Amino acid sequence: MAATRPALVALTALAPVSWGSTYAVTTEFLPPDRPLFTGLMRALPAGLLLLALARVLPRGAWWGKAAVLGVLNIGAFFPLLFLAAYRMPGGLAAVVGSLGPLLVVGLSALLLGQRPTARSVLTGVVAAFGVSLVVLEAAGGLDPLGVLAAVASTASMSTGTVLAGRWGRPDGVGPLALTAWQLTAGGLLLAPLALLVEGAPPALDGPAVGGYLYLALANTALAYWLWFRGIGRLSATQVTFLGPLSPLTAAVIGWAALGEALGPVQLVGMVLAFGATLAGQRAPRGRTVAAAAPFGSASKNGRKDSMDLTGPALRR
């Protein structure tokens, strides 16, 4: 992984590893059939906590950009993810989610002008195939709404990842503040929707309170800070190829804590998916310095701080 810093990659990888525990926490500790409320409880407390720590508010065009990223990465992604988990087996949702690297490769070509390489596409296919071997053995039937929610959640997060890379960060603003803006914006969007669609909050017992605290603090506040910190220093493609670590972690938790079996097929799938994750951290040969540069502040990367998504960069 000569083109990346191993420590930075390892820290960023802690985010999808943490997210791999979401399904187990949701099914074992949280009230059922509450995707909007669960998304709200993940996002808003974490966003307000990080906002209090960062003590920085958006300025100018970043009010709109933070809102867009908050909707894509949080406000739409969270409830769609939980809806998919409630409506279909976790294995099917994980397979759909594992297509994220391929979506990011395509969106990076459209929004960032980065040409997809045969290696990046092949790596994405191998990652998705490996995840499918791990999780699909007892996947069960298809639920159309669940499949649609899983596809939409993957598309939403992939688009948010690429746009976060395209826009960078304002000068003087760190990943903590950028994470706080997105979580708060997403949480504020979910609050009225949860009340209107699902009604009053459910009664919470001790395990549910503990589950929501874990999701808000470790699984969201810390994990998303590490994720957006990684997006600021690595390419969008490198970051998204860490995504398969989430279903792999979920499979290990299911085996270690929930008594689920891991056979030879699943082990082969783990090796393939993990190998694809490692391969995705290598910068493609022949990329220009500008294309390979990590994303930092918008001005430092030579990009105008604009919300215009119809400019020449999208038409290359």
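Presented here is a report on the structure given in the accompanying data block. (Residues numbered from 1 in each chain as written. Predicted model: local features only at pLDDT ≥ 70, side-chain atom pairs only at ≥ 80, totals over all residues. Heavy atoms only, no water.)

**Things to note about a nonpolar patch on the surface**
Moving on, step 1. On the surface, Leu 49, Leu 53, Leu 204, Val 209, Leu 213 and Leu 217 cluster together into a nonpolar patch covering about 510 Å² of accessible area.
Moving on, step 2. Contributing elements (two or more residues each) for the nonpolar patch: α3 (35-54) and α11 (206-233).
Moving on, step 3. In terms of residue count, the dominant contributor to the nonpolar patch is α11 (three residues).
Moving on, step 4. In this fold, Leu 217 is placed in helix α11. (Patch = residues over 30% accessible without salt bridge, like charges linked within 9 Å, V, L, I, M, F, W, Y side chains within 5 Å. Areas by Shrake-Rupley, 256 points an atom, 1.4 Å probe, with all protein chains shown as cover. Salt bridge = Lys/Arg side-chain N within 4 Å of Asp/Glu carboxyl O. Helix = DSSP H or I, 4+ residues; strand = E, 2+ residues; numbered from the N terminus.)

**Details of the packing of aromatic side chains**
Moving on, step 1. Evaluated as defined, the whole model comprises seven aromatic pairs.
Moving on, step 2. Aromatic rings pair up to connect Trp 19, Phe 77, Phe 78, Tyr 224, Trp 227 and Phe 228 into one cluster. (Phe/Tyr/Trp six-rings, centres within 6.5 Å; stacked < 30°, edge-to-face > 60°.)

**What about unusual backbone geometry?**
Moving on, step 1. In this structure, Asp 33 is a non-glycine residue whose phi angle is positive, near 55°.
Moving on, step 2. Tracing the backbone shows Asp 33 in the loop between α2 (22-29) and α3.
Moving on, step 3. Look at Arg 55: it is not a glycine, yet its phi comes out positive at around 55°.
Moving on, step 4. Mapped onto the secondary structure, Arg 55 falls in the loop between α3 and α4 (62-75).

**Details of the side chain of Thr 161**
Moving on, step 1. For Thr 161, the position within the fold is in helix α9 (residues 144-167).
Moving on, step 2. Look at Thr 161 and you get buried, because its relative accessible area is 2%.
Moving on, step 3. In this structure, Thr 161 is in contact with Asn 73, Trp 227, Ile 231 and Ala 236, ignoring residues within four places of it in sequence. (Buried < 20%, exposed > 50% of the residue type's maximum accessible area, 1.4 Å probe, protein only. Contact = heavy atoms within 4.5 Å.)

**So, the nonpolar core**
Moving on, step 1. Residues Trp 19, Trp 181, Tyr 224 and Trp 227 are the most contacted members of the largest nonpolar core, which totals 43 residues.
Moving on, step 2. Looking at this core element by element, the count peaks at six residues for α11.
Moving on, step 3. Residues contacting Trp 227, with those up to four places away along its chain left out, are Thr 12, Ala 15, Pro 16, Trp 19, Met 157, Thr 161, Val 239, Thr 240 and Leu 242. (Core = buried A, V, L, I, M, F, W, Y, C linked by side-chain atoms within 4.5 Å.)

**Some remarks on the side chain of Arg 229**
Moving on, step 1. Among the structural elements, Arg 229 can be located in helix α11.
Moving on, step 2. Of the buried charged residues, Arg 229 lacks a salt bridge, with Asp 171 as the closest side chain of opposite charge at 17 Å.
Moving on, step 3. When near neighbours in sequence (up to four residues on either side) are disregarded, Arg 229 contacts Leu 8, Leu 11 and Pro 175. (Lys, Arg positive; Asp, Glu negative; His and termini not counted.)

**Notes on α11**
Moving on, step 1. A rise of 1.5 Å per residue sets the reference length of α11, with its 28 residues, at 40 Å; its end C-alpha atoms lie 39 Å apart and thus fit the reference within 8%.
Moving on, step 2. Leu 215 marks the point of greatest bend in α11, at about 30°.
Moving on, step 3. The N-capping residue of α11, defined by a side-chain oxygen 2.9 Å from the backbone nitrogen of Ala 208, is Asp 205. (Expected span 1.5 Å × (residues − 1). Bend = angle between axes of the 7 residues up to and from the residue. Polar contact = N/O pair within 3.5 Å; in protein donor to acceptor, adjacent residues only side chain to side chain.)

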